[in-house]
Structure formats: structure tokens, C-alpha cells
Amino acid sequence: MGNSDYVYPDRQSPHRVAVPPPQPFFKSFKNSLKETFFPDDPLRQFKNKPPSRKLLLGLQYFLPILEWGPRYSFEFLKSDLIAGITIASLAIPQGISYAKLANLPPILGLYSSFIPPLIYAMMGSSRDLAVGTVAVASLLLGSMLGDEVNAAENPTLYLHLAFTATFFAGLFQASLGLLRLGFIVDFLSHATIVGFMGGAATVVILQQLKGVLGLEHFTHSTDIISVLRSVFSQVHEWRWESAVLGIGFLFFLLITRYFSKRRPKLFWISAMAPLTSVILGSLLVYLTHAEKHGVQVIGNLKKGLNPPSFGDFVFTSSYLSTAVKTGMVTGIIALAEGIAVGRSFAMFKHYNIDGNKEMVAIGTMNIVGSCFSCYLTTGPFSRSAVNFNAGCKTAMSNVVMAIAVMFTLLFLTPLFHYTPIVVLSAIIMAAMLGLIDYEAAIHLWKVDKFDFVVCMGAYLGVVFASVEIGLVIAVAISVLRLLLFIARPRTFVLGNIPNSTIYRNVEQYPTTNSVPGILILEIDAPIYFANASYLRERISRWIDEEEDRLKSAGETSLQYVILYMTAVGNIDTSGISMFEEVKKTTDRRGIKLVLANPGAEVMKKLNKSKFVEMIGQEWIYLTVGEAVEACHYKLHTCKPDSTNEETQPWNNV
């Protein structure tokens, strides 16, 4: 960067930076609330509508089925029928498997695939989300409740706590949606979710070694050290028959997934594979009497529809905190997964879903589900992907799936008696391998090392400590990064692009020229109490470094510091105090402080605080080019004298 080629532009009359007209406090407060809680302006559709139309729109907002239902056609029904039957073939074995993962009776997995999908079909805004239980939330539920109550020793209390935790999860989810607090979920960044899901998937896979190896006694801890110690301390109890079955079915499931990925039109092969495994495994056990040779089976599944459970909630003080904590943590994880999956498929089909409406829908289906023997449900990626690939058109595919599950509950549950546990373990392991997204982790490493640290913090925390600790570590690192962004904003030196009046970052554009006697700095963030002291010190250091550079090069001494403030969206009183201190410091050093393009909110506060009067309106410019032109004019028409400038402001610019 040099200054020999800098060409001074012709001086023109500069534009003034306007101070926005004052607004009443309540109007300003109302606008702030609207931007915070209603950025999508959901009430816009109600404007200038008669009362009857407003009532209908209100009902359609909370019950989207009233919007798409009247337009439903036979063509849609054919597509949704195929998709619903396809996802039912996946939901039945997955539901049974994930219930076992949560240390709950297997039948609850089927219950949870019956009532919640019906609720979501009425209230959900996603056409592609297939509702059901998920592995990570099941593991988290089992881990957190297992710390308080042993499922084997006190199964009734454990079951009732699971219903209570699901109730509070739904209450928390629906409350976030109704209060428009969906942005809280955004604190789970993409890097956090990648690491957390990968770690949870690793833990789930390790937990399935119990079923694959046919072990009866296994650790209740989820960390890798405890699991491996439990596995290898019982080598003498490994069942080779169970291991052969598990490895064989796992290989079958992975092969079918591979072919479905290579040929997307054959998606149904992968979708049908879990149910096929259950049928083949059950037949194999029944014909060979493998249950007598160490292969564990599900046993009897209760026949019939969901029994009511609203009388089973546990509100006693000794367990209430556990239920609430478990519900909130698992509820957040379920929301993050469900909304992310819904948005992903909505993007493919070019429609939008309302995150807050989704929270209300997912929360409501969990509240209602907890009253009818269901545990936590959301929109799992694997099931939703099958639904999408099967060509679903509306949420009616969830209704078709629920009807298929209802039929199973009424008539087919005895057929699952001989289903081997090892097949369920293979189904879970195959599903979890798809959640370890190593390609996303590699991408994070290439693009943003800090995001990679967040990702690995979540992964290692889950794998080596616990699911809860891993989540806390990931969120803590993410919040720390957010605080660093706020507390340590970037500042840049700007230079002139040759043969133009454009000024850009000298590090990004090395060919820029410096302007003799003028230092141009860009502040790249709002100015608050958290970063005001840092910015004051950083600006002073920029001035020191520039003066040292000019002195060593024998160039013109520094006369002006221009602060380019386009990126400063807001400022608080600490930030204004920082500007006042910088102004006093530059005055003592014989340097004039100049502002370029402060925004409306910033200008309003600077004016109210009398800082505009302090610096002088004539030293605030609309663009960097105008500020440089004015400073250059001053340098070449007046002798640089800071005292003179203070007593006789330059009013001709």
C-alpha cells in the first residue's frame, strides 16, 4: 500500500448526514418488539379483512389442514397413500427399537407412532415431515431419567416419569412457539448439531453392542470408557449366535442403503429393509428356536390402542425437577431436529414453514401424546427423507402411517413376539451410522476452524462424558464465540482504490493507496458496553501505529482520523462515552476526529447526547470519499492547527 499514486478528487459540496425525526417512545418500543418477536409479520394476512374472514384465517393459522384440506384431490391421496405405507414400514421397527433405547416397553414406540402423527397432520405446516420417535432424544431421555430412577428396578415409576417429561417437553415447545421465542433454538448452531448428533450416534452404536453380543448385564453409563469396559469385562458371556445375526442384518441394512443412495428411484428398498429384517429375523428365530440358544427376543407386545396415561403424571417434589429438566433438554433437541429437517425439505420443494407454528404443533402433539402413553416425538430425518422420496404431497401421509400403525396395534402385535433384540440393535446401528456426518466436520475444518472446535467439543463431550455434558460444552463454546464477536469486533484500515473514490480494507485490497495525513478506520459491529473499552484502546493503537509508520517513512504527520460507521447498527451510552473519550484523546494529540455515514439509530443517539454538537455537524459526512475530500481541502487551505480548529470550526464545507 502506498500513497504516491493517490489522486485527489475535485472538491464538491458534501451531503449532510440527517438526524432522523424523533419518534414517540411507545411507537419505537412497539417497532422493537415487532422486530424481535414478529419478524415474519404473521398478522399481515389479517389486515383489512372482515371478521368472518379473520376467524377463518386464525383457524387456518393454527390448523393448516383447514387450508389445504378443501383443495385435497384424489391425485394427492394416491401419492400420500404410497408414502404413508412406505414410512409405516420404517416407523414400526424403528419405533420398537427406539423405545428399547429409552429403556421403555417396546409397545410405546408403536403408541408414539399413532397419536402424535394425527395431531401433527392437523397442526403442522410441513408437507414432508414424518413424525415419530428419534434415537438421540430416546437416548437422552433414557440417560437423564436413568440417573434418577433405575428402569429395571422400578419400571412403573420410570414409565410415569417418561410420560411426565414428555408432557413438560411439549409444554415447553408449545410455549416457545406461542411466545414467539423460536430464536432460542438458534443458539444450537449448525456446528453444534453436527458434533452433538455425531457424538450421540456414536454412543447409541456402542450401546447396541449389548444386543449384538447378547449381553444381559450392561452399564447404565453412556460414555465410551464405561461402555467398552462393560463389553470387554464380559467376554465370556458373548453369544456368537447373536453376534452372527447382528452383523448379518447390519450388513444387509447398509447394503440396501448403499443401493438406494446410488439409485434414488430405488429408495423403497432401503425403506423396506428394517421391516424385512424384522420379518426375516422373527421367522428365523421361530423356525430354529434360537431363543433357547442365547438369542434374546422382544416377547409379548400388548394388543390394542393407546391406553390413557394422564393419570400417571408424577408431580411429587422429589421427582418433579428431574421431569422438568429432562423435558426441557430433550424438548430443545427434538425441536432443533424437527425444524431443521422440515426446513431442509421445504427448501427442496420451494415453500416456507413457520418455525413458531412448528413449535406449537410439535409441542401440542407431545402434550396430547403424553396423555395417551406416548413418549417424546419429533420429525426424524431418516423417516422424513423416505416420506419425501416416496412422493408425499401433504401431511396426510402421516395419517396413512398412523392408520397402518393402528392396524398393527389392533391385530399384528402378537407377530412381533419372536423378533430378536439383535435385529432391533442392527436397525438402530444402521440408522445411527447415517448421523455421523464426517463430511460436514471436514467442511467445517476447511471453512471455519472455530466452528470445527465447537463441533468436536460437542462430539468429544458426548462420547467421553455424557450426552448432557456434551450439549452443555457445545452451547458454552458457541455462546463464548458469540460473546467474542460482540466484545472484540473487527476494525480495519481503509485505503483508496486507484483512480476512484472507493475506499476498502487494505488487507483485502493490497493495491489500495493510503491518503497522506489521514487515517481511515472501519468499525465492523454495533458499539455496546461490552466492546466500548476495547474499541477505544484499539483506535488508539491504530493511531499510534500509523504515526510510527509515518514517522519512520518521513511522510506527512497524521492530521485526521475518519471513522467509517456503516456497519455500526446501534450504540449505547457506553459507546457514546467511548466516542467522547476518543475525541478528547485526538484533540490532545492535535488530530481531528471525523465520522462517516453513521446510521439513523446511531445519529439519533449521538444527537440526543450532544456529541454531534461536541464534534461539530461539519465533521460528520455521508461517505468516506466526501470526508477525505473535506480533510484534504482543509489540509491544503489551512495550516494544521488543532487549537484553531476547535475555536473556529470549518463551516464552509
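Residues numbered from 1 in each chain as written. Predicted model: local features only at pLDDT ≥ 70, side-chain atom pairs only at ≥ 80, totals over all residues. Heavy atoms only, no water.

## Focus: the overall build of the protein chain
Next, step 1: If you tally the helices and strands in the protein chain, you get 27 helices and 6 strands.
Next, step 2: For the C-alpha atoms alone, the extent of the protein chain along its principal axes is close to 105 × 65 × 55 Å.
Next, step 3: Within the protein chain, residue pairs in contact and separated by at least 24 positions form 80% of the contacts whose partners lie at least 6 positions apart.
Next, step 4: Total accessible area on the protein chain is roughly 30,700 Å²; 62% of this is exposed by carbon and sulfur atoms.
Next, step 5: Where the 54 positive side-chain charges of the protein chain centre and where its 49 negative ones centre are 7 Å apart. (Helix = DSSP H or I, 4+ residues; strand = E, 2+ residues; numbered from the N terminus. Contact = heavy atoms within 4.5 Å. Areas by Shrake-Rupley, 256 points an atom, 1.4 Å probe, with all protein chains shown as cover. Lys, Arg positive; Asp, Glu negative; His and termini not counted. Charge placed at Lys NZ, Arg CZ, Asp CG, Glu CD.)

## Here's the deal with the environment of Y534
Next, step 1: Looking at the secondary structure, you find Y534 in helix 22 (residues 529-553).
Next, step 2: Y534 sits 246 residues away from T288 along the chain, and the two C-alpha atoms are 74 Å apart.
Next, step 3: Not counting residues within four places of it along the chain, the set of residues in contact with Y534 comprises A487, R488 and P489.

## Considering a nonpolar patch on the surface
Next, step 1: Taken together, F183, I184, F187, L482, L483, F485 and I486 make up a surface patch of nonpolar side chains, about 610 Å² in accessible area.
Next, step 2: With respect to the secondary-structure elements, I184 resides in the loop between helix 8 (155-178) and helix 9 (190-207).
Next, step 3: I184 gets classed as partly exposed once you look at its relative accessible area, which sits at 32%. (Patch = residues over 30% accessible without salt bridge, like charges linked within 9 Å, V, L, I, M, F, W, Y side chains within 5 Å. Salt bridge = Lys/Arg side-chain N within 4 Å of Asp/Glu carboxyl O. Buried < 20%, exposed > 50% of the residue type's maximum accessible area, 1.4 Å probe, protein only.)

## What to know about the sheet that holds strand 3 (residues 518-523)
Next, step 1: Taken together, 6 strands build an open sheet; the order of strands is 2-1-3-4-5-6 and the sheet is mixed. Each having just a single partner strand, strand 2 (503-505) and strand 6 (620-621) make up the two edges of the open sheet.
Next, step 2: As judged from the 3 bridges shared by strand 1 (residues 491-496) and strand 3, these two strands associate in the antiparallel manner. Note that in strand 3 the partner of F492 across the bridge is E522. (Pairing = 2+ DSSP bridges.)

## Quick notes on the environment of R588
Next, step 1: Secondary-structure assignment places R588 in helix 23 (residues 573-588).
Next, step 2: Given a relative accessible area of 67%, R588 falls into the exposed group.
Next, step 3: With 229 residues separating them along the chain, R588 and M359 place their C-alpha atoms 57 Å apart.

## A closer look at the packing of aromatic side chains
Next, step 1: Here the structure, examined in full by the defined rule, presents 19 aromatic pairs.
Next, step 2: With a centroid separation of 5.8 Å and 35° between ring planes, the pair formed by F579 and F611 is classed as tilted. Pair noted here: F579 is in helix 23 and F611 is in helix 25 (residues 611-615), with a separation of 32 residues, a long-range link. The same class applies to F579 and to F611, which are both buried.
Next, step 3: Here the aromatic residues F167, F168, F313 and F315 are joined through ring pairs into a cluster of three or more.
Next, step 4: Stacked on the ring of Y61, the Lys or Arg K357 has its end atom at 4.8 Å from the ring centre. (Phe/Tyr/Trp six-rings, centres within 6.5 Å; stacked < 30°, edge-to-face > 60°. Lys NZ or Arg CZ within 6 Å of the ring centre and 35° of its normal.)

## Quick word on the side chain of N387
Next, step 1: Here N387 shows up in helix 16 (residues 381-389).
Next, step 2: Judged by relative accessible area, which is 0%, N387 ranks as buried.
Next, step 3: In this structure, N387 is in contact with A83, I87, R127, D128, L129, A130, C392 and S397, ignoring residues within four places of it in sequence.

## Quick look at the pairing of strand 1
Next, step 1: Summarising burial for strand 1: 6 of the 6 residues are buried, a large majority.
Next, step 2: Side chains T491, V493 and G495 project from strand 1 onto one buried face, and the interleaved F492, L494 and N496 project onto a second face that is buried too.
Next, step 3: Two elements, strand 1 and strand 2, share 3 bridges in a ladder whose sense is antiparallel. Looking across to strand 2, one finds that L494 is bridged to N505.
Next, step 4: The antiparallel pairing of strand 1 with strand 2 creates a hairpin that spans 6 residues between the two strands, and N499 there sits at a positive phi of about 60°.

## Quick look at the pattern of salt bridges
Next, step 1: Tallying each qualifying case throughout the model produces 12 salt bridges.
Next, step 2: Here K583 makes a salt bridge to D587, at a shortest N to O gap of 2.6 Å. Here K583 and its partner D587 are both found in helix 23, 4 residues apart, which amounts to about one turn of the helix.
Next, step 3: Judged by relative accessible area, K583 falls into the buried class, the value being 1%.
Next, step 4: Salt bridges linked by common partners bring D448, D451 and R481 together as one network.

## With respect to the nonpolar core
Next, step 1: Core analysis: the largest hydrophobic core is formed by 108 residues, its most contacted members being I96, L104, L141, F196, Y375 and M432.
Next, step 2: Here this core takes 11 residues from helix 18 (residues 421-433), the largest share from any one element.
Next, step 3: In this structure, F196 is in contact with V136, I333, A458, V462, V467 and L471, ignoring residues within four places of it in sequence. (Core = buried A, V, L, I, M, F, W, Y, C linked by side-chain atoms within 4.5 Å.)

## Quick word on the confidence of the model for the protein chain
In low-pLDDT segments, the atomic positions of the prediction should not be examined closely.
Next, step 1: Model confidence for the protein chain is summarised by a mean pLDDT of 88, while 95% of its residues fall at 70 or above.
Next, step 2: A low-confidence stretch, residues 640-653 (pLDDT under 50), is modelled with 24 contacts involving residues beyond four sequence positions or located in other chains. (pLDDT = per-residue confidence, 0-100.)

## Regarding the pairing of strand 5 (residues 592-596)
A regular strand carries its side chains on alternate faces of the sheet.
Next, step 1: With respect to burial, strand 5 is a largely interior element, 5 of its 5 residues being buried.
Next, step 2: Neither face of strand 5 is left uncovered, since the one carrying K592, V594 and A596 and the one carrying L593 and L595 both have all their residues buried.
Next, step 3: Pairing of strand 4 (residues 560-564) with strand 5, which is carried by 5 bridges, proceeds in the parallel orientation. Of the residues in strand 5, the one forming a bridge with L563 is L595.
Next, step 4: Since strand 4 and strand 5 lie parallel, the crossover through helix 23 that links them has a hand, and here it is right-handed.
Next, step 5: In this sheet, strand 6 lies alongside strand 5 in parallel orientation, the contact comprising 2 bridges. Note that in strand 6 the partner of A596 across the bridge is Y621. (Right-handed = clockwise from strand over helix to strand, strands pointing away.)

## As for a positive patch on the surface
Next, step 1: Residues K27, K30, K34, R44 and K47 make up a contiguous surface patch of positive charge.
Next, step 2: The exposed category is assigned to K30, whose relative accessible area is 61%.

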